[in-house]
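Observations on chain architecture
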Amino acid sequence: MRSDDHYVRIVTLNKTLPESILRHLSRHGSSEVRVDIANRRGLPVDVFETLALDVDESVRARIAWNKKTPAEVLKQLASDTESIVSEPALKRLSQLGLN
């Protein structure tokens, strides 16, 4: 992790980040920053969608576990090749009565 990533991660703790900042951070170079964003509940749908396509499976897994992830995104994650992603997505869909 770069030293400035530490400060960016602190910024992600701000509960009142504007959507434009959330969108920007969802594409940040550090997967740890993207995981921090994926843990947030009040994300715009397009940020859920962006993070669901992330190259890092830990980011996708956090989106799969996020209780606010839209069902359509969960359905996409349920077919992920990584079980760390697909299993929680299937579990969330089951909890929602959608699989």
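In case you missed it, the structure is sitting above this.
Summarised in this report is the structure supplied together with it. It should be emphasised that the depicted structure is a prediction, and the values quoted were computed from it without experimental measurement.

Glancing now at the overall build of the chain. Assigned secondary structure in the chain consists of seven helices and zero strands. Structurally, the chain occupies a C-alpha span of about 40 × 25 × 15 Å along its principal axes. The 99 residues of the chain split such that 41% are buried. Of all intrachain contacts in the chain linking residues separated by at least 6 positions in sequence, the fraction that spans at least 24 positions is 38%. For the chain, the accessible area works out to roughly 5800 Å², and carbon and sulfur atoms hold 53% of it. The distance from the centre of the 15 positive side-chain charges to the centre of the 14 negative ones in the chain is 7 Å.

The relative placement of two packed helices is expressed as an angle between their axes plus a distance between the axes. At a minimum axis distance of 10 Å, the contact between helix 5 (residues 57-65) and helix 6 (residues 71-78) shows a crossing angle of 135°. In terms of orientation, helix 5 lies oblique with respect to helix 6. The way helix 5 lies across helix 6 gives a crossing that is left-handed. Across the interface between the two elements, Arg60, Ile63 and Ala64 of helix 5 pack against Val73, Leu74 and Leu77 of helix 6. Here the contact of helix 5 with helix 6 is built from residues that sort into five nonpolar, no polar and one charged.

Let us look at the nonpolar core. Core analysis: the biggest nonpolar cluster contains 24 residues, and Ile37, Leu43, Leu51, Ile63 and Leu77 have the highest contact counts within it. With residues near it in sequence (within four places) discarded, Ile37 still touches Thr12, Leu22, Leu25, Ser26, Leu43, Val47 and Leu51.

Calculation rules
- Residues numbered from 1 in each chain as written.
- Predicted model: local features only at pLDDT ≥ 70, side-chain atom pairs only at ≥ 80, totals over all residues.
- Heavy atoms only, no water.
- Helix = DSSP H or I, 4+ residues; strand = E, 2+ residues; numbered from the N terminus.
- Buried < 20%, exposed > 50% of the residue type's maximum accessible area, 1.4 Å probe, protein only.
- Contact = heavy atoms within 4.5 Å.
- Areas by Shrake-Rupley, 256 points an atom, 1.4 Å probe, with all protein chains shown as cover.
- Lys, Arg positive; Asp, Glu negative; His and termini not counted.
- Charge placed at Lys NZ, Arg CZ, Asp CG, Glu CD.
- Axes fitted to C-alpha atoms, helices over the stretch in contact; angles between N-to-C directions.
- Parallel < 35°, antiparallel > 145°, perpendicular 65-115°, else oblique.
- Left-handed = near helix turned anticlockwise from the far one by under 90°.
- Nonpolar A, V, L, I, M, F, W, Y, C, P; charged D, E, K, R; others polar.
- Core = buried A, V, L, I, M, F, W, Y, C linked by side-chain atoms within 4.5 Å.

Taken by themselves, the reported measurements are silent on function.
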